[in-house]
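Okay, here's what each chain looks like letter by letter:
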Amino acid sequence: MILSNMALVAMTDGAALLPDAVVVIRDARIAWTGPRTELPVAYHADEHTDLGGRLVTPGLIDCHTHVVFGGNRAAEFEMRLEGASYEEIARAGGGIMSTVSATRDTSQDALVENALPRVDAMIAEGVTLLEIKSGYGLDRDTELRMLRAARALGVQRRVAVHTSFLGAHAIPPEYAGNADAYIDEICIPTLQAAHAEGLVDAVDGFCEGIAFDTSQIARVFDAAHTLGLPIRLHAEQLSHQGGVALAAAHGALSADHLEYATEKDAKAMAAAGMVAVILPGAFYTLRETRMPPIDALRAAGVPMAISTDCNPGSSPMTSLLLAMNMGCTLFRMTPAEALAGVTNHAARALGVADAGQIAAGMRADLAIWDVTHPAELSYRIGFNPLYARVFAGTLERQHE
């Protein structure tokens, strides 16, 4: 199949536009791309689809989500509006713990059914690759159930799913005051069981005063390395705990949130080849005032991804387009940085080498937009200009 008559944003060299471009797709991969006038003769007989001059980008990648969970936390939203902080709610037994309780009481089928509308909303905005974390079980059975549900979502919907084990997300009530025992008795053995079942693509953790310290996260990272799994980390979100330095020392793919990260942290991330995953939805929902060090990350040359952080408490959003707008409006990222943040930099944050760009050999996952310039994807609020997706080489028009 040949897609032609498009304005192409390949994301291989920034967000430069290539007008009157062609993408050749064979066997769910991109075989060739470039100006229409340079199309090799070998492809001239392939079936052509005219895209009418529309903008084409790589399929969007939501690289940090908690989309599988039970219940909701609307009541806590009201509490925050009345002045309670995220940390105060968590220490009072709300926050993550309330979702843990609801998730433990939810079957795998119900977890999938509840998540499908959220996943459908993401797909409808051009998402072709979705990361999903565990972390609302905090016991063996529920963590495994969450990961199985995440895998099932990738079967029931045409979207690639990348799973992250987040057993080190919070300390469950039954281990209150004994985080070390939880790590050794539940978290690491459950990680090993999930890996044995083929349920884990990466390992994540939450390094924070209300969660786990660097020594505890380091033990989880050591277990991940033993299993040959890449690592990521929620770091420096609510305070500075040294999570970025730990992640960099352990060769992590990314550090995420980063509101309290420093210029020194940015340099450490650059030296380690890490990606900074920016999560403006949580910043917005929690009404934070300290922003991630965007200028320092930019100056150090750290690639910046953007994600929804879709979760029931601190970022109940499914719109990656809105996250792009927030990254620009709240953090002064450029539209080009935002687009890179949901394509090639998001792929890098997941350790996925064959997505996020439009180039020969890459997955044939594309988003086709009814816009004339890439900046429009970040500029509009509450507007979805997606015309069609290409997933695994198949063109899927909206509303068909």
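How each quantity is defined
Residues numbered from 1 in each chain as written. Predicted model: local features only at pLDDT ≥ 70, side-chain atom pairs only at ≥ 80, totals over all residues. Heavy atoms only, no water. Core = buried A, V, L, I, M, F, W, Y, C linked by side-chain atoms within 4.5 Å. Buried < 20%, exposed > 50% of the residue type's maximum accessible area, 1.4 Å probe, protein only. Helix = DSSP H or I, 4+ residues; strand = E, 2+ residues; numbered from the N terminus. Contact = heavy atoms within 4.5 Å. Pairing = 2+ DSSP bridges. Axes fitted to C-alpha atoms, helices over the stretch in contact; angles between N-to-C directions. UniProt positions renumbered as here; feature names shortened; annotations may be inferred. 1 Å grid on protein atoms, 1.4 Å probe; cavity = no way out; pocket = protein on both sides within 12 Å on 5 of 7 lines; lining within 4 Å. Polar contact = N/O pair within 3.5 Å; in protein donor to acceptor, adjacent residues only side chain to side chain. Salt bridge = Lys/Arg side-chain N within 4 Å of Asp/Glu carboxyl O. Phe/Tyr/Trp six-rings, centres within 6.5 Å; stacked < 30°, edge-to-face > 60°. Lys NZ or Arg CZ within 6 Å of the ring centre and 35° of its normal. Parallel < 35°, antiparallel > 145°, perpendicular 65-115°, else oblique. Left-handed = near helix turned anticlockwise from the far one by under 90°. Nonpolar A, V, L, I, M, F, W, Y, C, P; charged D, E, K, R; others polar. Points joined across faces, edges and corners; volume = space filled by probe spheres on them.

**Details of the nonpolar core**
Link 1 in the chain: Counting residues in each nonpolar core, the largest one holds 104 residues, and the members touching the most others are Val68, Val200, Val203, Met269, Ile278, Leu297 and Trp369.
Link 2 in the chain: The biggest single contributor to this core is helix H6 (residues 179-196), with eight residues.
Link 3 in the chain: If we skip the residues at most four places from it in the chain, Val200 touches Leu147, Arg151, Thr163, Phe165, Leu191, Ala194, His195 and Leu229.
Link 4 in the chain: Grouped together as the second largest cluster of nonpolar side chains are 20 residues, Ala10, Ala364, Ile368 and Tyr387 included.

**Some points on the sheet that holds strand E14 (residues 386-391)**
Link 1 in the chain: Across the sheet, seven strands lie side by side as E3-E2-E1-E4-E13-E14-E15; this open sheet has mixed pairing. The sheet is open, and its two borders are formed by strand E3 (29-35) and strand E15 (394-397), each paired with just one other strand. Each neighbouring strand pair of the sheet contributes to a mean axis angle of 35°, computed without reference to strand direction.
Link 2 in the chain: Relative to strand E4 (residues 48-58), strand E1 (residues 2-9) runs parallel, the two being bridged by six bridges. Bridge pairing in E4 links Ile2 to His48.

**Quick look at the UniProt feature "binding site: 4-imidazolone-5-propanoate" (unreviewed entry) in the protein**
Link 1 in the chain: Residues given the UniProt feature "binding site: 4-imidazolone-5-propanoate" (unreviewed entry) here are Arg73, Tyr136, His169, Gln237 and Ser314. Within the annotated group just given, the residues that line the largest cavity are Arg73, Tyr136, His169, Gln237 and Ser314.
Link 2 in the chain: Relative to the assigned elements, Arg73 resides in the loop between strand E5 (60-62) and helix H1 (74-81).
Link 3 in the chain: The contacts of Arg73, once residues within four sequence positions are left out, are Tyr86, Gly95, Ile96, Ser98, Thr99, Tyr136, Pro312, Gly313 and Ser314.
Link 4 in the chain: A distance of 3.0 Å separates polar atoms of two side chains, one belonging to Arg73 and the other to Glu76.

**Quick look at the pattern of salt bridges**
Link 1 in the chain: Taken as a whole, this structure holds 23 salt bridges when the rule is applied.
Link 2 in the chain: The residue Arg219 makes a salt bridge to Asp180 at a minimum N-O spacing of 3.2 Å. Of the two residues, Arg219 sits in helix H7 (residues 214-227) while Asp180 sits in helix H6, which places them 39 residues apart along the sequence.
Link 3 in the chain: Taking the relative accessible area as the measure of exposure, Arg219 reaches 26% and is therefore partly exposed.
Link 4 in the chain: Overall, Asp180 belongs to the partly exposed group, its relative accessible area being 35%.
Link 5 in the chain: Among the ionic pairs, Glu337 bridges to Arg298, the shortest N-O distance being 2.8 Å. Of this pair, Glu337 sits in helix H13 (residues 335-341) while Arg298 is found in helix H11 (residues 294-300), placing the two residues 39 residues apart along the sequence.
Link 6 in the chain: Taking the relative accessible area as the measure of exposure, Glu337 reaches 18% and is therefore buried.
Link 7 in the chain: Connected through salt bridges with shared partners, the residues Glu131, Lys133, Asp204, Arg232 and Asp256 form a single ionic network.

**With respect to the packing of aromatic side chains**
Link 1 in the chain: For the coordinates displayed, the defined rule picks out four aromatic pairs.
Link 2 in the chain: Seen from their ring centres, Tyr182 and Phe212 are 5.9 Å apart, and the 20° between their planes marks the pair as stacked. Placement of the pair is Tyr182 in helix H6 and Phe212 in the loop between strand E8 (202-207) and H7, with a sequence separation of 30 residues.
Link 3 in the chain: Overall, Phe212 belongs to the buried group, its relative accessible area being 1%.
Link 4 in the chain: We note Arg380 situated over the ring of Phe383; from NZ or CZ to the ring centre the distance is 4.4 Å.

**Describing the packing of helix H4 (residues 108-123) against helix H5 (residues 140-156)**
Link 1 in the chain: Axis separation between H4 and H5 bottoms out at 9 Å; the angle between their running directions is 50°. What the angle tells us is that H4 and H5 run oblique. Classified by chirality, the crossing of H5 by H4 is right-handed. The segment H4 lies against H5, with Gln108, Leu111, Val112, Ala115, Leu116 and Val119 engaging Arg145, Met146, Arg148, Ala149, Ala152, Leu153 and Gln156.
Link 2 in the chain: Residues of the contact of H4 with H5, tallied by class, amount to nine nonpolar, two polar and two charged.

**A look at the layout of surface pockets**
Link 1 in the chain: By volume, the largest pocket is sized at about 280 Å³.
Link 2 in the chain: The set of elements that each furnish at least two residues to the lining of the largest pocket consists of helix H2 (86-91) and helix H3 (96-104).
Link 3 in the chain: Its boundaries defined by the atoms lining it, the second largest pocket holds a volume of some 200 Å³.
Link 4 in the chain: What lines the second largest pocket is Arg80, Gly83, Ala84, Ser85, Tyr86, Glu87, Leu238, Tyr260, Thr285, Leu286, Arg287 and Glu288.
Link 5 in the chain: Grouping the amino acids of the lining of the second largest pocket by side-chain chemistry returns five nonpolar, three polar and four charged.

**So, the sheet that holds E8**
Link 1 in the chain: The sheet built from eight strands is open, its strands ordered E5-E6-E7-E8-E9-E10-E11-E12 with parallel pairing. The open sheet has two free edges, formed respectively by E5 and strand E12 (304-306), since each of these has just one partner strand. Taking each pair of neighbouring strands and ignoring which way they run, the sheet shows an average axis angle of 25°.
Link 2 in the chain: Bridging between E8 and strand E9 (residues 232-235) involves two bridges; their strand directions are parallel. When the bridges of E9 are listed, Phe206 appears paired with His234.
Link 3 in the chain: Contacts between H5 and the sheet are confined to strand E6 (127-133) and strand E7 (160-168), with E7 contributing the most and set at about 170° to the helix.
Link 4 in the chain: Across the sheet, H7 lies against E7, E8 and E9, angled at about 180° from E8, the strand it touches most.

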